[in-house]
Amino acid sequence: MWKRRESNLTLHFAVTDTGVGIPPEQQKMIFEAFSQADKSISRKFGGTGLGLTISARLVGLMGGRIWVESRQGAGSTFHFTVMLGHAEPEVSPARASVTAYATALKLE
């Protein structure tokens, strides 16, 4: 999903899993350093609890936000938005030469 403005474009990404879900009281803390909603999962699969913290900082640096929607037993959907500036399309040198030649022909 995206939203276009005059000077920028906001993109919205969503990643869904079918895991165990995250209780509402733990949803905010999972974005803090070294925090995990379920400590037993980190013991079983590893992990330091930094992934979402790093993601949140990167998203913030790009003018966006990150959040989670989750239900215990039904999985989670992680959302993030980023704001990007518009770029002018790059014209290849060959295309620029053809365009310049065609313009010159019209002027003569």
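Residues numbered from 1 in each chain as written. Predicted model: local features only at pLDDT ≥ 70, side-chain atom pairs only at ≥ 80, totals over all residues. Heavy atoms only, no water.

## Focus on the overall build of the protein
Then, in step 1: For the protein, the count of helices and strands is 3 helices and 4 strands.
Then, in step 2: The order of helices and strands in the protein, counted from the N terminus, is β-β-α-α-β-β-α.
Then, in step 3: Counting all 108 residues of the protein, 22% fall into the buried class.
Then, in step 4: Considering only intrachain contacts with a sequence separation of at least 6, the fraction spanning at least 24 residues in the protein is 54%.
Then, in step 5: Accessible area for the protein stands at about 8400 Å²; split by element, carbon and sulfur atoms hold 59% of it. (Helix = DSSP H or I, 4+ residues; strand = E, 2+ residues; numbered from the N terminus. Buried < 20%, exposed > 50% of the residue type's maximum accessible area, 1.4 Å probe, protein only. Contact = heavy atoms within 4.5 Å. Areas by Shrake-Rupley, 256 points an atom, 1.4 Å probe, with all protein chains shown as cover.)

## Things to note about the packing of aromatic side chains
Then, in step 1: Overall, the coordinates contain 1 aromatic pair when judged by the stated rule.
Then, in step 2: With 4.8 Å between their ring centres and 15° between their planes, Phe13 and Phe80 make a pair best called stacked. Separated by 67 residues along the polypeptide, Phe13 in strand E2 (residues 8–17) and Phe80 in strand E4 (residues 75–85) bring together distant segments of the chain.
Then, in step 3: Relative accessible area serves as the criterion here: at 37%, Phe13 is assigned to the partly exposed category. (Phe/Tyr/Trp six-rings, centres within 6.5 Å; stacked < 30°, edge-to-face > 60°.)

## Describing the environment of Thr16
Then, in step 1: When you line up the elements, Thr16 lands in strand E2.
Then, in step 2: Here the alpha-carbon distance between Thr16 and His79, two residues 63 residues apart in the chain, equals 8.7 Å.
Then, in step 3: Apart from the residues within four sequence positions on either side, Thr16 is in contact with Ser76 and Thr77.
Then, in step 4: Among the polar contacts made by the side chain of Thr16, one reaches the side chain of Thr77 at a distance of 3.1 Å. (Polar contact = N/O pair within 3.5 Å; in protein donor to acceptor, adjacent residues only side chain to side chain.)

## Observations concerning a nonpolar patch on the surface
Then, in step 1: A cluster of nonpolar side chains, namely Ile54, Leu58, Leu61 and Met62, defines an oily patch on the protein surface of about 420 Å² accessible area.
Then, in step 2: Its location among the elements puts Ile54 in helix H2 (residues 51–61). (Patch = residues over 30% accessible without salt bridge, like charges linked within 9 Å, V, L, I, M, F, W, Y side chains within 5 Å. Salt bridge = Lys/Arg side-chain N within 4 Å of Asp/Glu carboxyl O.)

## Brief notes about the side chain of Thr53
Then, in step 1: Along the chain, the position of Thr53 falls in helix H2.
Then, in step 2: Assessed through its relative accessible area of 7%, Thr53 is described here as buried.
Then, in step 3: Excluding residues within four positions of it along the chain, Thr53 makes contact with Phe31, Glu32 and Ala33.

## Section: the confidence of the model for the protein
Then, in step 1: When pLDDT is averaged along the protein, the result is 77, and 65% of the positions lie at 70 or above.
Then, in step 2: For the protein, helix H1 (residues 39–45) is the element with the lowest average pLDDT, namely 51, and strand E3 (residues 66–71) is the one with the highest, namely 94. (pLDDT = per-residue confidence, 0-100.)

## Details of the environment of Val68
Then, in step 1: Assignment of secondary structure puts Val68 in strand E3.
Then, in step 2: You can call Val68 buried: its relative accessible area is 9%.
Then, in step 3: Spatially, the C-alpha atom of Val68 lies 6.0 Å from that of His79, the residues being 11 residues apart in sequence.
Then, in step 4: Residues contacting Val68, with those up to four places away along its chain left out, are Ile22, Gln27, Ile30, Phe31, Ser76, Thr77 and Phe78.

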